[in-house]
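Chain and residue survey
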Amino acid sequence: MDQIATRQTDASVQPARPRVAVVLFNLGGPDNQEAVRPFLMNLFKDPAILRVPPFIRPFLARYIAHKRVPVAQENYRLMGGGSPLLPLTERQADALEADLSQDWDMKCFIAMRYWHPFSDAAVAAVKAWQPEEILLLPLYAQYSSTTTGSSLTAWREEAAKGGLAVKTTTLCCWFEDEAVLANAAQLVQGTIDAARAVLPPGTPLRVLFSAHGLPQVIVDRGDPYQFQIEAYAAGIQRRLSDPGIDSLVCYQSRATPQQWLTPSTDDAVIEAGRDGVALVVVPVAFVSDHSETLVELDIEYRDLAAKHGVPGYFRAPVQNDDPGFIAALAGVARRALAVGPGLCSSAAGRLCPTTHGNCPYAQAGKPASGYDLTRTATRA
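Now for a description of the structure that goes with this document. Treat the numbers as computed from the prediction; the structure is a model and nothing was measured.

Another aspect to go through is unusual backbone geometry. Look at the link from H116 to P117: it is a cis peptide, with omega at 0°. Take P117: it is sitting in the loop between β2 (105-112) and α5 (119-129). One non-glycine residue, S253, lies in positive phi territory at about 70°. Its place among the elements puts S253 in the loop between β6 (247-252) and α10 (265-275).

Next up on the list: the environment of V269. Note that V269 resides in helix α10. Under the relative-accessibility criterion, V269 is labelled buried at 1%. Distance from V269 to C250, taken between C-alpha atoms, is 9.7 Å for residues 19 residues apart in sequence. In contact with V269, not counting residues within four places along its chain, are L208, L279, Y301, L304, A305 and V310.

All right, on to the packing of α10 against helix α11 (residues 291-307) then. The contact between α10 and α11 brings their axes to 8 Å, and the two run at 30°. Comparing their axes, α11 and α10 come out roughly parallel. Crossing angle aside, the handedness with which α10 passes α11 is right-handed. Every residue of α11 that contacts α10 at T265, D266, V269 and I270 is listed here: Y301, L304 and A305.

Once that is clear, we can look at the pattern of salt bridges. Within the structure shown, the criterion is met by 13 salt bridges. As a salt-bridge pair, R334 and D99 come within 2.8 Å of each other at their nearest N and O atoms. Of the two residues, R334 is situated in helix α12 (residues 323-339) and D99 in helix α4 (residues 85-100); the sequence distance between them amounts to 235 residues. Taking relative accessible area as the criterion, D99 reaches 17% and is therefore assigned buried. K161 serves as the salt-bridge partner of E158, at 3.7 Å between the closest nitrogen and oxygen. In this pair, E158 and K161 are both assigned in helix α6 (residues 148-162), 3 residues apart and thus about one turn of the helix distant.

Once that is clear, we can look at the nonpolar core. Of all hydrophobic cores here, the largest spans 72 residues; its most connected members are V22, L96, L137, W174 and I236. The element contributing the most residues to this core is α12, with 9 residues. In contact with W174, not counting residues within four places along its chain, are L137, P138, L139, Y140, A141, V180, V287, F325, L329, V332 and S346. One finds F39, L40, L50 and W115 within the second-largest nonpolar core, a separate group that totals 18 residues.

A few words on the environment of N183. Following the sequence through the fold, N183 ends up in helix α7 (residues 178-198). Taking relative accessible area as the criterion, N183 reaches 5% and is therefore assigned buried. When the C-alpha atoms of N183 and Q319 are compared, they prove to be 8.3 Å apart, with 136 residues separating the residues in sequence.

As summarised here, the arrangement of the 4 strands in space is β6-β5-β7-β8, forming an open sheet in which the pairing is parallel. Each having just a single partner strand, β6 and β8 (313-315) make up the two edges of the open sheet. Ignoring which end each strand starts from, the neighbouring axes of this sheet average 25° apart. In the sheet, strand β5 (residues 205-212) pairs with β6 via 6 bridges, with the strands oriented parallel. Along β6, the bridge assignment pairs A211 with Y251. Relative to β8, α11 is tilted by about 170°, and along the sheet it contacts β5, β6, β7 (278-284) and β8.

A few words now on the packing of aromatic side chains. To describe a pair of aromatic rings, one takes the distance between the centres and the angle between the planes. If you walk through the whole model with that rule in mind, you get 5 aromatic pairs. Their ring planes at 65° and their centres at 6.0 Å tell us that F109 and W129 sit as a pair that is edge-to-face. Here W129 lies in helix α5 and F109 lies in strand β2, a separation of 20 residues in the sequence. Under the relative-accessibility criterion, F109 is labelled buried at 8%. For W129, a relative accessible area of 15% translates into the label buried. For the ring pair W115 and F118, a centre distance of 6.2 Å and an interplane angle of 80° mean the geometry is edge-to-face. Judged by relative accessible area, W115 falls into the buried class, the value being 12%. Sitting above the plane of the W129 ring, R19 keeps its charged end 3.9 Å from the centroid. Above the face of the F109 ring, K107 is positioned so that its terminal group lies 5.8 Å from the ring centre.

Thresholds applied
Residues numbered from 1 in each chain as written. Predicted model: local features only at pLDDT ≥ 70, side-chain atom pairs only at ≥ 80, totals over all residues. Heavy atoms only, no water. Helix = DSSP H or I, 4+ residues; strand = E, 2+ residues; numbered from the N terminus. Buried < 20%, exposed > 50% of the residue type's maximum accessible area, 1.4 Å probe, protein only. Contact = heavy atoms within 4.5 Å. Axes fitted to C-alpha atoms, helices over the stretch in contact; angles between N-to-C directions. Parallel < 35°, antiparallel > 145°, perpendicular 65-115°, else oblique. Left-handed = near helix turned anticlockwise from the far one by under 90°. Salt bridge = Lys/Arg side-chain N within 4 Å of Asp/Glu carboxyl O. Core = buried A, V, L, I, M, F, W, Y, C linked by side-chain atoms within 4.5 Å. Pairing = 2+ DSSP bridges. Phe/Tyr/Trp six-rings, centres within 6.5 Å; stacked < 30°, edge-to-face > 60°. Lys NZ or Arg CZ within 6 Å of the ring centre and 35° of its normal.

Put into structure tokens, the structure is as follows:
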């Protein structure tokens, strides 16, 4: 009898699950009207954003922020006074934590770049929780030195200051993940189907993949963002019921007088009016609604489309906390943690061609993996 009791006790003892912290990086956004100015100052003081000599940057940042405050405040007023980005990111964190907690003693933390909670607060919270391992997971599918790169720099600086020394896996990008692409394509296909259901029969339709823009000079100096945006858009298009649908990758949200990536979303909308085609606009490089989707795409570009006679304007939803997206992101996180500490993409190795010297793999001196460069979005 004692032997049976001992066996039952031993069988009920479960090994301790690894304690893993997942840190979600995102841009951040002002939570009220008073926060708009300091948010913009934080943005434009970042050397990854405003690439001018350090002694000029504070003055130029102050000038640009001052010029943009009234427009930005009006945009946030249209969204209820502040950005919805933090509440949406918190919902994503909660859903992701619930999924990953099946495998680990898991907790998600949020580190915003330009407004609270900043990396220093996230570092302190992670350190207090005492994880055995950390996964740094950017909520940007595509890597850019201006987004993920800047967030990683801020995190490393604050981790060093805070004495947080835990084995860490850094995920640089996940633009080619099959489940992520399948979920995005499902959302786009639903919008295409809804558009065709209300448009007059025979109305031509064009898909605009609209990404946040970037100064051309940053791409010319080796940033892989444009390559990854085009590959992501092509991956979505291949999964549509009509992969040959008319489409175009374009760029929105120009913020400085420099030459930015083209074509602009403004020009693409105007061109659609000239061509007499209806539009399905797909936000790419955004996984949470914020001013670029709720104001620029939903209000400003919709108005521009009406002004230029576009016969129909439809916007595909952003993933937010869509269950399919959360499941896909959880899969990305699981594979990254399986790779182990160090740098990884969602495919484990480097995905960018060697021409992109600002790919984090290039900076680490690691070879490219031979990604199929023909898989980019083009006008059908």
